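Report on the structure
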Protein chains: 4
Amino acid sequence: MVEELTSAGGRVHALSVDARRENEVQELCERVEREVGPIEVCLFNAGSNVKKSLHETSDKLFFKAWELACFAGFLVGREATRHMLKRGRGTMLFTGATASVRGSSGFAAFSAAKFGLRAVAQAMARELGPQNIHVAHLVIDSGVDTAWVRERIKEREGAEAVANLAPDRLMRPEAVAEAYWALYSQPRDAWSSEMEIRPFGEKW
Amino acid sequence: MVEELTSAGGRVHALSVDARRENEVQELCERVEREVGPIEVCLFNAGSNVKKSLHETSDKLFFKAWELACFAGFLVGREATRHMLKRGRGTMLFTGATASVRGSSGFAAFSAAKFGLRAVAQAMARELGPQNIHVAHLVIDSGVDTAWVRERIKEREGAEAVANLAPDRLMRPEAVAEAYWALYSQPRDAWSSEMEIRPFGEKW
Amino acid sequence: MVEELTSAGGRVHALSVDARRENEVQELCERVEREVGPIEVCLFNAGSNVKKSLHETSDKLFFKAWELACFAGFLVGREATRHMLKRGRGTMLFTGATASVRGSSGFAAFSAAKFGLRAVAQAMARELGPQNIHVAHLVIDSGVDTAWVRERIKEREGAEAVANLAPDRLMRPEAVAEAYWALYSQPRDAWSSEMEIRPFGEKW
Amino acid sequence: MVEELTSAGGRVHALSVDARRENEVQELCERVEREVGPIEVCLFNAGSNVKKSLHETSDKLFFKAWELACFAGFLVGREATRHMLKRGRGTMLFTGATASVRGSSGFAAFSAAKFGLRAVAQAMARELGPQNIHVAHLVIDSGVDTAWVRERIKEREGAEAVANLAPDRLMRPEAVAEAYWALYSQPRDAWSSEMEIRPFGEKW
C-alpha cells in the first residue's frame, strides 16, 4: 500500500506498533511528532471480530478481544490527544461496528470490547470537545469489500455468491475513507460525535 | 435571500406552500418537476419549537405542533419521493432536534411531533433505501445562529450575553448546510440514516 | 369481561369514551372521580397497528393512526393526571410497541403515532415525577395471545401454525397485566419510566 | 449482615471469592451447587466507580476498572449459567449504572467497563433466553442510600446537605432489591432484558 500511494504521488510513512503496549504507543506518537509532523488526525481502527457461544468463550479470548479493540483504543486515544492538546487542535477517530451498539448472541467478547471502545470515544468527546479536539466514532454496519471478506462469503455461501454480489452491497474501503474525511472536515460549530453508515440495500 | 443568492450567481426559485395540505404539496412537487427540473434532493425543515407545561398544553397546540413538524413532513416526504422513485434516485432529508430523541419536561407537544417525524424518516429510509432513495434525518443539538435566536438569548439573558457569546457556540446556518451537503454527497455503499451535530462546546 | 370479573368477586365499572375528544375525556375523568373514586392509576392502551407502504399511506390514515394512538394518549394523560396532581399522587401508564422505538418499513403512520406517544410519556414523566406522579411507558415487543392475534397467525401461516404454537411464544394478557402491576408497585425511590418485555424465545 | 438476616429467620451463606479469577469463580459455583443448593438466581454486582480526567487515567486504572466490573461479570455470568443450563432454568442479573449507557467526561475507564458489562448481558440474554435462562441488566440511575454514599455527599456538600436530604432522593437498598425481585418474578412470556430505575425527583 505504501508503494501504491507513493507512486500515486502521496507521501506516506508506515510504522508498526503493538497498540496494546503503553510505551510502544507513546514512543510511536513521539516519533511521529518528531519525524513526520504534528498529529493532525488519528484513526484507531484495530479490533478482531470473533463469534463464539458464551460457554466456548474462554477468559483468554475475552481478554484478547478487549485488549485489542478497547484497551489499545484507550491508549492510542489518550496518547495522540496528549499531543493535540498542546496545540489546542486535532481530530481523534474510532472505528465501531454493529457490535458497538448491540450485543448479539455469540458476541459477548467482541461486543464487550466494542461497547467499551464506544464508551471511551464518548467520554473523550465530552472531555476534549470543549478543548477543540474533535473525537468521533464511526459505526460501520456492513461488511467492507476486502479480499478477506469476499473469502469469508465464499466459504459460507459458495463462489457463486461472491460472483453474484449485487453492486454496492458491501462497503468499499474508499467509502469508509470518505466518511472519515467528512467527519474530519466538519467545522467546529457542527461536530458529530458518532456517525453510522451502511450500504443502501442493508437491512437494519 | 433570493436576491442575495441570485446576485452571487446562483439560480434560485422560491415558491411557497402550505405544507400541511396534501394537494398543495402535490401541486408544488409537480410544478417543480415541470418548471425547474427533477427533484434531486428535498429538505423538509418545518417545525415550531414550543415549550408549555403539560396542563397548559391545549389540544389545539398539540395538534398544530404535530401538523407542522410531523404531518407536513410525511406529506412532503411522500410526494417528493414519488417523483424520485420514477427515476430510481434521489435524496430526502429531514431536520430533527434534541426534542426528536428526548421528551423533556415542557415539550410534550413539540417532542411528540419531532419523535413522530423521526419515525417517518426511519420508515422511509428502510423502505426506500433499497430502491436507491437516500433518506436521512439530521439531529441539530444546538441553537442556530440567526437573528431570531440571538433575540431570544437577549430576552432571556440580556444584551451582554449576546455580545459576549463565545465564537462557535451557536451553529452557523452554513455549518448546517455543510452537514446536509455531506449527507447528500455520501456514496450509496455508505449512507447514514441519521446524523447528530452540535457545537464543540455544547454540553450533551 | 365485566361479568367475568364481577362473578369472580371484583368490582368493575365499564364506561366507554371516544378518547380522541377532549370534552369526552374530561367528562369521563370527572365522572370516575365522582362516582367510582379517586383515579389512583390510569392505563392508556389505545392504538391500531397498521402496515402500509409509504405511497399507499393516505393522509387520512396517517392522521387516524396518530389521533388514536398519540393524540388520545396526550388527552387521557393530561386529564387523568390533572386529578392526580390535586392529591399529589397517582400512576399514569402508557402502552408502547416495537413501533415505539423503531420505524420499520411499512410503518410510517403507526410508528409516527407510537414514537409520538413515547415522547408524551417521557415529557410527562420528567415534569410530573418530581410532583409524585409516576408516569411509565411499557414497550410490548411481542404479539399478545388473544383470539384476534391467533386469527391473524392462522390467516398468514395456516391453522397448523396456530395449533403448533410453542408454549409461551405469545405473551398472555395476564403477563402484560403483571408488568403493569410491577410498574405500579414500584416505590418512589426506584421508579422506571420505561420497561420493555418480550417472550423468552423472541428474537430481538 | 449475615447475623442480621439469620436472626430475622433467614438462612444465609456468605462466601467470598475473587470474581476476577476463573478458577475461584468456578469453585464457588460448584461449592454452592454442592453445599447450598441449585443456583436459582445469581446477581453480579461488583464494580468500582472512579472519576479521572482522560490524561490522568493510567493503563492500570483502566485495566482494573474493566477487570472488576466487566471481566468478572463475564466469568460469573458464564459459570453460573453453566449450572442453570443443566436444569434448563435460572435467572442471571447484572447491575448497571448511568455509566452503562453514557460515557461522561471523566469516566472513560468506568464507562468502558460498564458499557462492556451491558454488552455481556445483552449477548447472554439473546443466547440463553431461548434456553429458558432469564438474563437481565438493571440500570441504577441514582446514588444508593448507604453510609458510604452519605459520607461522600458530606465531603462534597457538607454535613447540612446530608441532614437536609429530602425523603426518597437517594434509592434505598431495599428498593433496589425490589427491582431485582420484580425481574426475577417475571413470567417467561414477559421478560425484560433491561430495566432502568431512579428516584422520583431525579433529573434525567
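Quick caveat: nothing in here was measured; it's all calculated off a predicted structure.

Parameters at a glance
- Residues numbered from 1 in each chain as written.
- Chains lettered and ligands numbered in written order.
- Predicted model: local features only at pLDDT ≥ 70, side-chain atom pairs only at ≥ 80, totals over all residues.
- Heavy atoms only, no water.
- Contact = heavy atoms within 4.5 Å.
- Buried area = accessible area lost by both parts, 1.4 Å probe.
- Salt bridge = Lys/Arg side-chain N within 4 Å of Asp/Glu carboxyl O.
- Polar contact = N/O pair within 3.5 Å; in protein donor to acceptor, adjacent residues only side chain to side chain.
- Helix = DSSP H or I, 4+ residues; strand = E, 2+ residues; numbered from the N terminus.
- Nonpolar A, V, L, I, M, F, W, Y, C, P; charged D, E, K, R; others polar.
- Phe/Tyr/Trp six-rings, centres within 6.5 Å; stacked < 30°, edge-to-face > 60°.
- Buried < 20%, exposed > 50% of the residue type's maximum accessible area, 1.4 Å probe, protein only.
- Axes fitted to C-alpha atoms, helices over the stretch in contact; angles between N-to-C directions.
- Left-handed = near helix turned anticlockwise from the far one by under 90°.
- Least-squares fit on C-alpha atoms with pLDDT ≥ 70 in both.
- pLDDT = per-residue confidence, 0-100.
- Patch = residues over 30% accessible without salt bridge, like charges linked within 9 Å, V, L, I, M, F, W, Y side chains within 5 Å.
- Areas by Shrake-Rupley, 256 points an atom, 1.4 Å probe, with all protein chains shown as cover.
- Lys, Arg positive; Asp, Glu negative; His and termini not counted.

Contact residues are listed per partner, giving 38 residues for chain A and 38 residues for chain D. When chain A packs against chain D, the two sides together hide about 3300 Å² of surface, and 67% of this comes from carbon and sulfur. Linking chain A with chain D are zero salt bridges, by the criterion used here. Inspection of the region where chain A meets chain D yields 14 residue pairs in polar contact (both at pLDDT 80 or more). Taken together, the elements giving at least two residues each to the side of chain A that touches chain D come down to α3 (59-87) and α4 (108-128) of chain A. Broken down by element, the residue count for the side of chain A that touches chain D peaks at 14 residues, all from α4(A). Looking at the side of chain A that touches chain D residue by residue, the classes come out as 18 nonpolar, twelve polar and eight charged.

Turning our eyes to something else, we now look at the packing of aromatic side chains. Considering all chains together, one arrives at 44 aromatic pairs over all chains under this definition. Ring centres of B:F62 and C:F71 lie 6.1 Å apart, and the angle between their planes is 35°; this geometry places the pair in the tilted category. Residue B:F62 is found in helix α3 (residues 59-87), and its partner C:F71 is found in helix α3 (residues 59-87); the two belong to separate chains. A residue is classified by how much of its surface remains accessible, and B:F62, at 1% relative accessible area, is buried. Here the aromatic cluster, defined as three or more aromatic residues joined through ring pairs, consists of A:F62, A:F63, A:W66, A:F71, A:F74, D:F62, D:F63, D:W66, D:F71 and D:F74.

A separate point is the packing of α4(A) against helix α4 (residues 108-128) of chain D. Look at α4(A) against α4(D): their axes get within 7 Å of each other, and the N-to-C directions meet at 145°. With respect to the hand of their crossing, α4(A) and α4(D) are arranged in right-handed fashion. Contacts between α4(A) and α4(D) involve A:A108, A:S111, A:A112, A:F115, A:G116, A:R118, A:A119, A:V120, A:Q122 and A:A123 from the first element and D:A108, D:S111, D:A112, D:F115, D:G116, D:R118, D:A119, D:V120, D:Q122 and D:A123 from the second. Residues that form the contact of α4(A) with α4(D) fall into these classes: twelve nonpolar, six polar and two charged.

Least-squares fitting of chain D to chain C yields an RMSD of 0.0 Å, with the superposition described by an axial translation of 0.0 Å and a rotation of 180°. On the angle and the small slide along the axis, the relation comes out as a two-fold axis. Relative to the rotation axis, the C-alpha of D:M195 is the closest in chain D, positioned 3.0 Å from it. The fraction of interface residues of chain D whose copies in chain C are also interface residues reaches 100%, indicating that both copies meet through the same surface.

On the side of chain C, 27 residues touch chain D, which itself brings 27 residues to the contact. For the pair chain D and chain C, the summed buried area comes to about 2600 Å², and 53% of that belongs to carbon and sulfur atoms. It is D:D189, D:F200 and D:W204 that lose the most area in chain D upon contact with chain C, and together they represent 31% of the buried surface on that side. The tally of links between chain D and chain C comes to four salt bridges. When the shortest N-O distance is used, the salt bridge between C:R172 and D:D189 registers 2.6 Å. Connecting chain D to chain C are twelve residue pairs in polar contact (both at pLDDT 80 or more). Elements supplying a minimum of two residues to the side of chain D that touches chain C: α4 and β4 (194-197) of chain D. No other element matches β4(D), which puts three residues into the side of chain D that touches chain C.

The next point concerns the confidence of the model for chain A. When the pLDDT values of chain A are averaged, the result is 96; 100% of them are 70 or greater. Across the interfaces of the predicted complex, the ipTM metric reaches 0.96, alongside a pTM of 0.97.

Below, the discussion takes up a nonpolar patch on the surface. Residues and elements named next belong to chain A. Taken together, M1, V2, L5 and V12 make up a surface patch of nonpolar side chains, about 370 Å² in accessible area. Within the secondary structure, L5 sits in helix α1 (residues 2-7). Here L5 falls in the partly exposed class, since its relative accessible area comes to 40%.

Tracing the backbone shows D:R126 in helix α4. Here D:R126 is buried and forms no salt bridge, its nearest opposite-charge partner C:E196 lying at an N-O distance of 7.5 Å. Residues contacting D:R126, with those up to four places away along its chain left out, are A:R102, A:G103, A:S104, A:S105 and C:W204.

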